Amino acid sequence: MTAALNSSEPDAPDQTLRASYLAQVWQRFRKNRIAVLGVWCIGVLVALAILAPVLSGNQPLYFRAQGNTQFPFFSGLFNRLLFESGVDLFFNLLLVLLPLYALVYWVIRRQSGVHFHGRYWRVLGALVGFHCALFLTASVEQLGSIQNPLYFTETVTDYHALQAQLEAQGHDVDSVFPMRPYSYRQTAPLRGLEAPSGDHWFGTDSEGRDVFARMLFGTRISLTIGVIAVGIYVGIGVVLGALAGYFGGAVDMWISRMIEVMICFPSFFLILTLAALIEQRSIFHVMIIIGVTSWTGVARLIRAEFLKHKSLEYAQAAIALGLTQTRVIFVHILPNAIAPVLVSATFGIASAILTESALAFLGIGDLTVASWGETLNTGRTQEKLWLILVPGFAIFFVVSIFNLVGEGLRDALDPKLKT
Amino acid sequence: MSADLSPLLTLDNLHVQFRTDAGTVRAVDGVSYTVRRGETLAIVGESGCGKSVTSMAILRLIESQRGEITAGSIVFDGQELTTKTQEEMRKIRGNDIAMIFQEPMTSLNPVFTVGQQITESLSLHRGLDDDEARAEAIRLLELVRMPAAAQRVDEFPHQLSGGMRQRVMIAMALACSPKLLIADEPTTALDVTVQAQILELLAQLQSELGMSVLLITHDLGVVARVAHRVAVMYAGRVVEQANVYELFENPKHPYTAGLFHSLPHTVGKQRLRPIEGNVPDALNFPSGCRFHPRCALRIEKCRTQQPPEALFELRSPAPGTPRSADTHTAACWVTQEQPERDLLAAPEERNA
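Residues numbered from 1 in each chain as written. Chains lettered and ligands numbered in written order. Predicted model: local features only at pLDDT ≥ 70, side-chain atom pairs only at ≥ 80, totals over all residues.

Caption draft 1: Representation of the overall build of chain A within the structure. Within chain A, the secondary structure is distributed over 17 helices and five strands. For chain A, buried positions account for 36% of its 419 residues. Within chain A, contacts between residues at least 6 apart in sequence are counted, and of these 69% link residues at least 24 apart. (Helix = DSSP H or I, 4+ residues; strand = E, 2+ residues; numbered from the N terminus. Buried ≥ 20, exposed ≤ 12 C-beta atoms within 10 Å, placed from the backbone. Contact = placed C-beta atoms within 7 Å.)

Caption draft 2: Inspection of the overall build of chain B at higher detail. Looking only at helices and strands, one finds 13 helices and twelve strands in chain B. At 21 Å, chain B has a C-alpha radius of gyration in line with the 20 Å of a compact globule built from 352 residues. Burial analysis of chain B (352 residues in total) assigns 48% to the buried set. For chain B, restricting intrachain contacts to residue pairs at least 6 apart in sequence, the fraction spanning at least 24 positions comes to 66%. (Rg over C-alpha atoms; globule rule 2.2 N^0.38 Å.)

Caption draft 3: The nonpolar core, seen in detail. Formed by 180 residues in total, the largest nonpolar core has its most connected members in Ala171 and Val230 of chain B. If one sorts the elements of this core by residue count, helix α8 (residues 211-247) of chain A sits on top with 19 residues. Those residues within four positions of valine 230 of chain B in sequence are excluded, and the remaining contacts are Ala42, Val44, Val223, Gln241, Ala242, Val244 and Leu247 of chain B. (Core = buried A, V, L, I, M, F, W, Y, C linked by C-beta atoms within 7 Å.)

Caption draft 4: Here's a closer look at the packing of helix α15 (residues 339-361) of chain A against helix α16 (residues 372-382) of chain A. All names here are of chain A. Where α15 contacts α16, the two axes come as close as 7 Å, and the packing angle between them is 40°. The handedness of the crossing between α15 and α16 is right-handed. Contact residues: α15 offers Glu356, Ser357, Ala358, Leu359, Ala360 and Phe361, while α16 offers Trp372, Gly373, Glu374, Leu376 and Asn377. Tallied by class, residues from the contact of α15 with α16 come to six nonpolar, three polar and two charged. (Axes fitted to C-alpha atoms, helices over the stretch in contact; angles between N-to-C directions. Left-handed = near helix turned anticlockwise from the far one by under 90°. Nonpolar A, V, L, I, M, F, W, Y, C, P; charged D, E, K, R; others polar.)

Caption draft 5: Structural view of the sheet that holds strand β12 (residues 328-330) of chain B. Residues and elements named next belong to chain B. As summarised here, the arrangement of the eight strands in space is β6-β7-β8-β3-β9-β10-β12-β11, forming an open sheet in which the pairing is mixed. Sheet topology places β6 (97-100) and β11 (310-312) at the edges, where each strand pairs with a single neighbour. Geometrically, the sheet is characterised by an average inter-axis angle of 20° between neighbouring strands, direction not taken into account. Here strand β9 (residues 229-234) pairs with strand β10 (residues 237-243) via six bridges, running antiparallel. For tyrosine 234, the partnering residue across the bridge sits in β10 and is arginine 237. (Pairing = 2+ DSSP bridges.)

Caption draft 6: Here's a closer look at the pairing of strand β8 (residues 212-217) of chain B. Residues and elements named next belong to chain B. For β8, the tally of buried residues reaches six of six residues, placing the bulk of the element in the interior. For strand β3 (residues 40-44) and β8, the ladder comprises five bridges, and the chain directions are parallel. Looking at β8, one finds that alanine 42 is bridged to leucine 215. In this structure, strand β7 (residues 180-184) lies alongside β8, joined through five bridges in parallel fashion. What sits directly across from isoleucine 182, in β8, is leucine 214. Regarding topology, helix α7 (residues 192-209) serves as the crossover connection from β7 to the parallel β8, and that connection is right-handed. (Right-handed = clockwise from strand over helix to strand, strands pointing away.)

Caption draft 7: Broad picture of the sheet that holds strand β5 (residues 173-176) of chain A. Residue and element names in this part refer to chain A. Read across the sheet, three strands follow the order β2-β1-β5 without closing on themselves; strand pairing throughout is antiparallel. Every interior strand has two partners, whereas the edge strands, β2 (68-70) and β5, have only one. Shown here is a sheet whose adjacent strand axes are inclined to one another by a mean of 5°, direction ignored. Of the strand pairs in this sheet, strand β1 (residues 62-65) and β2 are connected by three bridges, and their pairing is antiparallel. Paired with arginine 64 across the strands is threonine 69, a residue of β2. Packed on one face of the sheet, helix α7 (residues 159-168) meets β1 and β5 and runs near 160° to β5.

Caption draft 8: Broad picture of the confidence of the model for chain B. Confidence in the prediction of chain B, expressed as mean pLDDT, is 86, and 96% of residues score 70 or more. Among the scores for the predicted complex, ipTM is 0.83 and pTM is 0.82. (pLDDT = per-residue confidence, 0-100.)

Caption draft 9: Inspection of the pairing of strand β2 (residues 23-36) of chain B at higher detail. Residues and elements named next belong to chain B. Note: strand β1 (residues 7-20) against β2, eleven bridges, orientation antiparallel. Of the residues in β2, the one forming a bridge with proline 7 is arginine 36. As consecutive antiparallel partners, β1 and β2 are separated by two residues.

Caption draft 10: Here's a closer look at the confidence of the model for chain A. When pLDDT is averaged across chain A, the result is 86; 92% of the residues are at 70 or more. The model gives residues 1-17 of chain A a pLDDT under 50, and that stretch makes 22 contacts with residues more than four places away or in other chains.

Caption draft 11: Structural detail: the environment of alanine 126 of chain A. Looking at the element boundaries, alanine 126 of chain A is found in helix α6 (residues 118-139). Taking the C-alpha atoms as reference, alanine 126 of chain A lies 43 Å from glycine 379 of chain A; in sequence the two are 253 residues apart.

Caption draft 12: Molecular detail of the packing of helix α3 (residues 114-125) of chain B against helix α6 (residues 162-174) of chain B. Residue and element names in this part refer to chain B. Orientation of α3 relative to α6, taken along the N-to-C sense of each, is 20°, at an axis distance of 8 Å. When the axes of α3 and α6 are compared, the pair comes out roughly parallel. Of the two possible hands of crossing, α3 and α6 adopt the one that is right-handed. Across from Val114, Gln117, Ile118 and Ser121 in α3, the residues of α6 making contact are Val168, Ala171 and Met172. Of the residues belonging to the contact of α3 with α6, the class tally is five nonpolar, two polar and no charged. (Parallel < 35°, antiparallel > 145°, perpendicular 65-115°, else oblique.)

Caption draft 13: Inspection of unusual backbone geometry at higher detail. Even without being glycine, glutamate 383 of chain A reaches a positive phi, approximately 55°. Within the secondary structure layout, glutamate 383 of chain A lies in the loop between α16 and α17 (385-413). When the 9 C-beta atoms within 10 Å are taken as the criterion, glutamate 383 of chain A is described as exposed. Not every positive phi belongs to a glycine, and alanine 148 of chain B is a case in point at roughly 50°. Mapped onto the secondary structure, alanine 148 of chain B falls in the loop between α4 (130-143) and α5 (149-152). Note on alanine 148 of chain B: 13 C-beta atoms within 10 Å, which makes it partly exposed.

Caption draft 14: Just the environment of leucine 143 of chain B, in detail. Looking at the secondary structure, you find leucine 143 of chain B in helix α4. Residue contacts for leucine 143 of chain B: discarding those within four places in its chain leaves Ala171 and Leu174 of chain B.

If you want it as structure tokens, here you go:
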């Protein structure tokens, strides 16, 4: 019976195409060497961002003196005096917990065997959700009467000085320090504006802070800016665009007019004005401002896709199966409509990084974080070449990388585009 | 056909309108028919006659496409559907009434595996967990005679042929054992050999599961193969209803007869006689009988007065059906005045 049916169905399925849509896109993407190189570069950037404290910091990973073993690096990761910004808290948590996450993922992958592909995504989503929840909990200063332990005033021991002192006293000291011995926030008023040397690879800025360390930690800021700002505006754009495209009529009318009004503002000046209005700017304000002003493009893309997809039969079939409208919109139509947004989001990350750098360069960013634009601004005011070249090249590099990957993604998602 | 002939779905004088920029389109204009338990009712008609809109109206899917039920009633299993909220309808869709669509190429979601699409409705309406739903999905694929069901369940729609996709659609529709299956041109997009298999499958499943099928098609060959009763629609109205034997032997509406004349014959030498003209524009239907501008038999009355649906004497009763339930109605002034007239006769005779 089976064999008979198989042979009588004329267009038998192509067995070589045993792959999901994403896997097919990846297959096409892999043929674009430069874009693949770009993905590797992004991987390296992410690794640098996570490993930044190991590469540059003043707390030893391991310190042994007078029969007393200490690991000041790990407690230092959550010391509010060493790392002030929330971005650092997020990445430091990730640095500590990443092995655990990898283990959980591996175990679940082993256990679920050949089950549905959706399970991997669910596990990945759960891990990301868990980490964000942990980060948010850790960022809250006080919950009811419980004081967050991370907010207790702590002292910072200068282990370099301690080691020198103990060795001078004739003690045996065994220690492992991060690759470079400077914290990105450690000021040295007497060593300001030093040119690059073997000690300070990229020199120091006007307050004597190590530029190499600031570049490293700036990677965290740039990546976070890119991902969160784009996440915010893709979120807003997708929801508004989906509602406009799916429901049409009055909903579409109102949302479309809203989009048109937003488009009328020159976006950089709008961002500049909004940023200037906030007195105590943090880096998260900057992300939110970029996010809430840039959603129009995504909304229009998604709206157009929904207009096309809602009348396709699979959408009608999903409704006819009795699924809720929310499910039809976000589970059935959205994955089919999201492709162009992926491309525009990749370009968006590059442009968000550029916007933040521009704000910091103009002195309207968050002055407490180690942003590349801020170093660039110092270089401009102090007229020091290395303070301009190093962050300038970093920004150029990251923006180019994301644009190359975006380009590769666009070609992979739309095979017809290639001639 | 099962012995129980109580009505499952009754449409009474249903009117559906669409508001467009050009004016109001009366896509369905007073349609009445009944689907009984365990029977297959075929709705036949040209493109644009309102047969699909009627089925979309039953599931109340037309509201999302700016359509509106302006009059009439739809009674399904004792419940009036026209007054239900969309949320109440959602619980009926997929659960009590399921639908399969014309294009198997586009009616499956390309980003999900076959298994995921089938299990979705299982976990929604029947509350099965992941593993139970997967086992049930495989069982359903086997039910629709999907070869190698246990492997196919993890494949994506683009890996399947058209016939296999239509089997998946049917499996999805059968997931919650619906009382009524609406099949909107289920075989139109398929190869002829696959068509036969799918029709065979539908007929088998219907007798195995005892559900009712509302089959929408323009293909009289399909009708002859699987339908118990037939309703012929033209320009938003039902023009003739009878059991399938009676309709093929003894049509009483010139439009139905015209459909038969447009079919190629395998015996004898007859030229095809297509129906002249086109389906009228839904924005302004002709007065009187809507078929009169294309009808060779028209009389003066047809131009001005709409013919009522009248009962005709049954020449070929359906086997196993009580006579009281087996009626033949048609809406035509000519045949009502000359009930003995044979519309299938060759044209020379008819002119004589």
